[in-house]
Amino acid sequence: MENNEHDIITDLIEKSIEAKKHSYCPYSNFRVGAALLTADGRIIQGCNVENASYTLGLCAERCAIFKAVSDGHKQFTAVAISTDLTDEFAYPCGACRQVMFEFAKDADVYLVKPDLTHIKTNVETLLPGGFDGSFLQKPKTKPPELAMNGN
């Protein structure tokens, strides 16, 4: 890894830890921070945001991606995800893996502990055979109700 690339990844990892500070997790007390590296070199941070109606919460990874997309970024090269776990790395949930597959299929993923130790994986390893827009264009049968109506 080149020095400049090492510095960028180190910054990305540190920004994921910084993002945890903004986590809103009064129910689980499980802070998560994410930092997303855009194709043009910007870092977008996100944190988990919980809600009393549990299913309405948002994970840090999706928060960062949606924030980036809403700011006009749609290409990403890496994401760092940090938690407060000290003995193991926390992996993204299935929903986050699917959203990362949509926007960052080729991205590197760094899973980070509080002491900055990390492991590197990638989105396709985390979600092998992921679903993307190409499936919507593939040949398929018509549902019976459409076939009967001549549609």
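Residues numbered from 1 in each chain as written. Predicted model: local features only at pLDDT ≥ 70, side-chain atom pairs only at ≥ 80, totals over all residues. Heavy atoms only, no water.

A surface patch of nonpolar side chains, about 440 Å² in accessible area, is lined by Tyr24, Tyr27, Val49 and Tyr54. With respect to the helices, strands and loops of the structure, Tyr54 is situated in the loop between β2 (43–47) and α2 (60–70). With relative accessibility at 63%, the residue Tyr54 sits in the exposed group. (Patch = residues over 30% accessible without salt bridge, like charges linked within 9 Å, V, L, I, M, F, W, Y side chains within 5 Å. Areas by Shrake-Rupley, 256 points an atom, 1.4 Å probe, with all protein chains shown as cover. Salt bridge = Lys/Arg side-chain N within 4 Å of Asp/Glu carboxyl O. Helix = DSSP H or I, 4+ residues; strand = E, 2+ residues; numbered from the N terminus. Buried < 20%, exposed > 50% of the residue type's maximum accessible area, 1.4 Å probe, protein only.)

Let us look at the packing of α2 against helix α3 (residues 94–104). Following both chains from N to C, one finds α2 and α3 inclined at 30°, their axes separated by 9 Å at the closest point. In terms of their interaxial angle, α2 and α3 are classed as roughly parallel. α3 is crossed by α2, and the crossing has left-handed handedness. Where α2 abuts α3, its residues Glu61, Arg62, Ile65, Phe66 and Val69 lie against Ala95, Cys96, Val99, Met100 and Phe103. Per-class residue counts for the contact of α2 with α3 are eight nonpolar, no polar and two charged. (Axes fitted to C-alpha atoms, helices over the stretch in contact; angles between N-to-C directions. Parallel < 35°, antiparallel > 145°, perpendicular 65-115°, else oblique. Left-handed = near helix turned anticlockwise from the far one by under 90°. Contact = heavy atoms within 4.5 Å. Nonpolar A, V, L, I, M, F, W, Y, C, P; charged D, E, K, R; others polar.)

Although it is not a glycine, Asn29 sits at a positive phi angle of roughly 55°. Of the residues examined, Asn29 reaches a relative accessible area of 60% and is grouped as exposed. Phi is positive for Leu116, which is not a glycine, with a value near 80°. For Leu116, the location among the structural elements is in the loop between β4 (108–112) and β5 (118–122).

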